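Listed here are the chains, written in short residue letters.
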Amino acid sequence: MGKARNIGIDVKPPERECDDPNCPFHGRLPVRGKVLEGRVVSVKPLKTVIVEREYFHYVPKYERYERRRSKIAAHKPPCMEVKVGDKVKIAECRRLSKTKAFVVIEVMKE
């Protein structure tokens, strides 16, 4: 296939190649919108990872912050090596299924 294409986000492209049409680097999937970071908590669904992200939410009544978490399903292209516990960067894309609207674009170093 050749070189990985530029997806418009400053990330290191994967070394492996794949023939997945839903890969932003080797397929035709455009990424746009939000770019989030989180930790992988599950890789059990086929071609999918579940990413949990923690964030703070301000509660005006108490003038304090509370810690919240959300789980996001993201598409995992075959060229990405992802394990449970890895920190990943995911980007928004068009909806790929009922629950997936993000794709893994980078596995970050710990």
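Structure first, text after, so check above.
Residues numbered from 1 in each chain as written. Predicted model: local features only at pLDDT ≥ 70, side-chain atom pairs only at ≥ 80, totals over all residues. Heavy atoms only, no water.

Undergrad: What exactly am I supposed to notice about the environment of Glu37 here?
TA: Tracing the sequence through the fold places Glu37 in strand S1 (residues 31-42). Among the residues examined, Glu37 registers a relative accessible area of 38% and is labelled partly exposed. Not counting residues within four places of it along the chain, the set of residues in contact with Glu37 comprises Arg53, Lys87, Val88, Lys89 and Met108. (Helix = DSSP H or I, 4+ residues; strand = E, 2+ residues; numbered from the N terminus. Buried < 20%, exposed > 50% of the residue type's maximum accessible area, 1.4 Å probe, protein only. Contact = heavy atoms within 4.5 Å.)

Undergrad: I would appreciate a short explanation of the nonpolar core in the present structure.
TA: Soluble globular proteins tend to pack their nonpolar side chains together in the buried interior. In this structure, Ile90 and Val104 are the most contacted members of the largest nonpolar core, which totals 25 residues. For this core, the elements supplying multiple residues, two or more each, are S1, strand S2 (48-59), strand S3 (64-75), strand S4 (87-93) and strand S5 (102-108). Non-local contacts of Ile90, meaning those with residues more than four positions away in its chain, are made with Lys34, Val35, Leu36, Val51, Ile72, Ala74, Phe102, Val103, Val104 and Ile105. (Core = buried A, V, L, I, M, F, W, Y, C linked by side-chain atoms within 4.5 Å.)

Undergrad: In this structure, what is going on with a nonpolar patch on the surface? I would like to understand it.
TA: Nonpolar side chains collect at one region of the surface, where Phe56, Tyr58 and Tyr65 lie side by side and expose about 390 Å² of accessible area between them. Structurally, Tyr58 can be placed in strand S2. (Patch = residues over 30% accessible without salt bridge, like charges linked within 9 Å, V, L, I, M, F, W, Y side chains within 5 Å. Areas by Shrake-Rupley, 256 points an atom, 1.4 Å probe, with all protein chains shown as cover. Salt bridge = Lys/Arg side-chain N within 4 Å of Asp/Glu carboxyl O.)

Undergrad: Is there a simple way to explain the sheet that holds S3 in this structure?
TA: Within a sheet, each strand pairs with its neighbour through backbone hydrogen bonds, oriented either parallel or antiparallel. Ordered by their spatial adjacency, five strands build a closed barrel running S1-S2-S3-S5-S4, and the pairing between neighbours is mixed. Recorded for the sheet is a direction-independent mean angle of 45° between the axes of neighbouring strands. (Pairing = 2+ DSSP bridges. Axes fitted to C-alpha atoms, helices over the stretch in contact; angles between N-to-C directions.)

Undergrad: Help me understand the packing of aromatic side chains, please; the structure alone is not making it clear to me.
TA: To describe a pair of aromatic rings, one takes the distance between the centres and the angle between the planes. For the coordinates displayed, the defined rule picks out one aromatic pair. When the ring of Tyr58 is compared with that of Tyr65, the centres are 5.1 Å apart and the planes differ by 55°; the resulting orientation is tilted. Overall, the relative accessible area of 59% leaves Tyr65 in the exposed class. (Phe/Tyr/Trp six-rings, centres within 6.5 Å; stacked < 30°, edge-to-face > 60°.)

Undergrad: Just checking my understanding: could you explain the pattern of salt bridges for this structure?
TA: According to the stated counting rule, one finds nine salt bridges in the structure shown. The salt bridge involving Arg69 is made with Glu54; its shortest N-O contact spans 3.7 Å. Remark: Glu54 occurs in strand S2 and Arg69 occurs in strand S3; sequence separation between them is 15 residues. Looking at Arg69, the relative accessible area reads 55%, which means it is exposed. Judged by relative accessible area, Glu54 falls into the partly exposed class, the value being 49%. Salt-bridge contacts for Lys89 lead to Glu106; the nearest nitrogen and oxygen are separated by 3.8 Å. Here the residue Lys89 occupies a position in strand S4, and Glu106 occupies one in strand S5, the gap between them amounting to 17 residues. Glu106 shares its class with Lys89; the two are buried. Connected via shared salt-bridge partners are Glu52, Glu54, Arg67 and Arg69.

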